[in-house]
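# Topology and contacts: notes
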Amino acid sequence: MATAIEINCETGEVIERPLTADEIAANEAAQAQAAADAIAAEEEATAKAAAKASAQAKLATLGLTADEVAALLG
Amino acid sequence: MPSTYTLISSNVLSSSAASVTFSSIPATFTDLVLRISSRSDNTIAASTIRLRFNGSSSASYSETLLSGSGSAAVSARSSSATYMFNAGYFVDDANGATANTFGTTEIYIPSYTVAQNKPLSGITAQEDNATAARITAEAGLWSNTAAITSIEIFSNYNFLSTSSFYLYGIKNS
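Report on the accompanying structure. (Residues numbered from 1 in each chain as written. Chains lettered and ligands numbered in written order. Predicted model: local features only at pLDDT ≥ 70, side-chain atom pairs only at ≥ 80, totals over all residues. Heavy atoms only, no water.)

## Quick notes on the overall build of chain B
Counting secondary structure elements, chain B contains 0 helices and 13 strands. For chain B, the sequential pattern of α-helices and β-strands runs β-β-β-β-β-β-β-β-β-β-β-β-β. Here the C-alpha atoms of chain B give a radius of gyration of 16 Å, agreeing with the 16 Å that 2.2 N^0.38 yields for 173 residues. Across its three principal directions, the C-alpha atoms of chain B cover 45 × 35 × 30 Å. Looking at chain B as a whole, 50% of its 173 residues are labelled buried. Summarising the internal contacts of chain B: among those between residues at least 6 apart in sequence, 76% fall at separations of at least 24. Looking at chain B, you have 8 positive and 10 negative side-chain charges, and the mean spots of the two groups are 6 Å apart. (Helix = DSSP H or I, 4+ residues; strand = E, 2+ residues; numbered from the N terminus. Rg over C-alpha atoms; globule rule 2.2 N^0.38 Å. Buried < 20%, exposed > 50% of the residue type's maximum accessible area, 1.4 Å probe, protein only. Contact = heavy atoms within 4.5 Å. Lys, Arg positive; Asp, Glu negative; His and termini not counted. Charge placed at Lys NZ, Arg CZ, Asp CG, Glu CD.)

Quick look at the structure:
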């Protein structure tokens, strides 16, 4: 069971309690959002890499060398 | 001679916990320093560390950060967030990282009792003991003039056992 710990700096008392239903729901929602964000970032990176590869291929058909393409695209 | 760097309180987890809160922080110091060594149960290599002051979830936290992974650098900003470090790069280690590695974090909060908005600086390193790692430096602001009396540290995952949390006070005189 997930718990929350509170340390009272004046008394030194340490209280450990289970998370409330609202806290558990908030954590689960945040975890789901983080997972969705990670997937979106992965998809964006994949699309960007594909677009770059496509651009490189098209530039090569125009006669640019690999070094020239690299200089253009960084 | 005044003591200028004093341990206020600490906690080393004996079992995992979703959050750690320092409450009833005395107002007898000038600045606060929070030092953390932590690892979470997120399944990837890193997990974001987050803070709230005085239990406040109002949209009053903002930040600007620089972060580097060794292969890429990023700058990011977040504002009107309901907790500090919303931009996502302020991370410790998690279960996807090399076993037994912990991230390290230091947060400096000056003038925490003064009746003005509360700035802070933070630096964290995700230390993977491998090729992948990340370091992030932050400037943050809590737009609230109340004295800070409690700090909640959480990550939306669970901090694992032996993660450690230390709160220090610094006096100018």
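## Concerning the interface of chain A and chain B
Contacts between chain A and chain B engage 17 residues on the former and 21 residues on the latter. Interface area for chain A against chain B, summed over the two sides, is near 1400 Å², with a carbon-plus-sulfur share of 50%. Three residues, Ile5(A), Ile7(A) and Cys9(A), lead the burial of chain A against chain B; their summed loss comes to 44% of the area buried on that side. Linking chain A to chain B there are 0 salt bridges. Scanning the region where chain A abuts chain B turns up 11 residue pairs in polar contact (both at pLDDT 80 or more). Sorting the residues of the side of chain A that touches chain B by element identifies strand 1 (3-8), strand 2 (14-18) and helix 1 (21-61) of chain A as the ones contributing at least two each. (Buried area = accessible area lost by both parts, 1.4 Å probe. Salt bridge = Lys/Arg side-chain N within 4 Å of Asp/Glu carboxyl O. Polar contact = N/O pair within 3.5 Å; in protein donor to acceptor, adjacent residues only side chain to side chain.)

## Re the pairing of strand 11 (residues 134-142) of chain B
As paired strands, strand 6 (residues 61-68) of chain B and strand 11 of chain B are joined by 8 bridges and run antiparallel to one another. The partner of Tyr61(B) across the bridge, within strand 11 of chain B, is Trp142(B). (Pairing = 2+ DSSP bridges.)

## Quick notes on the packing of helix 1 of chain A against helix 2 (residues 66-73) of chain A
All names here are of chain A. Axis separation between helix 1 and helix 2 bottoms out at 10 Å; the angle between their running directions is 135°. What the angle tells us is that helix 1 and helix 2 run oblique. In terms of crossing hand, the pair formed by helix 1 and helix 2 is right-handed. Mapping the contact onto sequence places Lys52, Gln56 and Leu59 in helix 1 and Val69, Leu72 and Leu73 in helix 2. Here the contact of helix 1 with helix 2 is built from residues that sort into 4 nonpolar, 1 polar and 1 charged. (Axes fitted to C-alpha atoms, helices over the stretch in contact; angles between N-to-C directions. Parallel < 35°, antiparallel > 145°, perpendicular 65-115°, else oblique. Left-handed = near helix turned anticlockwise from the far one by under 90°. Nonpolar A, V, L, I, M, F, W, Y, C, P; charged D, E, K, R; others polar.)

## A word on the pattern of salt bridges
Pairing between side chains of opposite charge can happen when their charged atoms approach one another. All names here are of chain A. In this structure the tally under the stated criterion is 3 salt bridges over all chains. For Glu23, the salt bridge goes to Arg17, with nearest N and O atoms at 2.9 Å. On the accessibility criterion, Glu23 (26% relative accessible area) is partly exposed. Arg17 sits in the partly exposed class, given a relative accessible area of 34%.

## Quick notes on the side chain of Ser40(B)
All names here are of chain B. One can find Ser40 in strand 3 (residues 31-40). Overall, Ser40 belongs to the buried group, its relative accessible area being 0%. Side-chain polar atoms of Ser40 contact the backbone nitrogen of Asn42, separated by 3.3 Å. A polar contact is formed between the side chain of Ser40 and the side chain of Ser47, at a distance of 3.4 Å. Every residue in contact with Ser40, bar those within four places of it in the chain, is listed here: Ser47, Asp92, Asp93, Ala94, Asn95, Ser155, Tyr157, Asn158, Phe159 and Leu160.

## Quick look at the packing of aromatic side chains
Residue and element names in this part refer to chain B. Counting across every chain of the model gives 8 aromatic pairs over all chains. With 3.9 Å between their ring centres and 20° between their planes, Phe85 and Phe90 make a pair best called stacked. Side by side, Phe85 and Phe90 carry an identical accessibility label, which is buried. Pairwise contacts between aromatic rings join Tyr5, Tyr166 and Tyr168 into one cluster. Lying over the aromatic face of Phe29, Lys171 brings its terminal NZ or CZ to 5.6 Å of the ring centre. (Phe/Tyr/Trp six-rings, centres within 6.5 Å; stacked < 30°, edge-to-face > 60°. Lys NZ or Arg CZ within 6 Å of the ring centre and 35° of its normal.)

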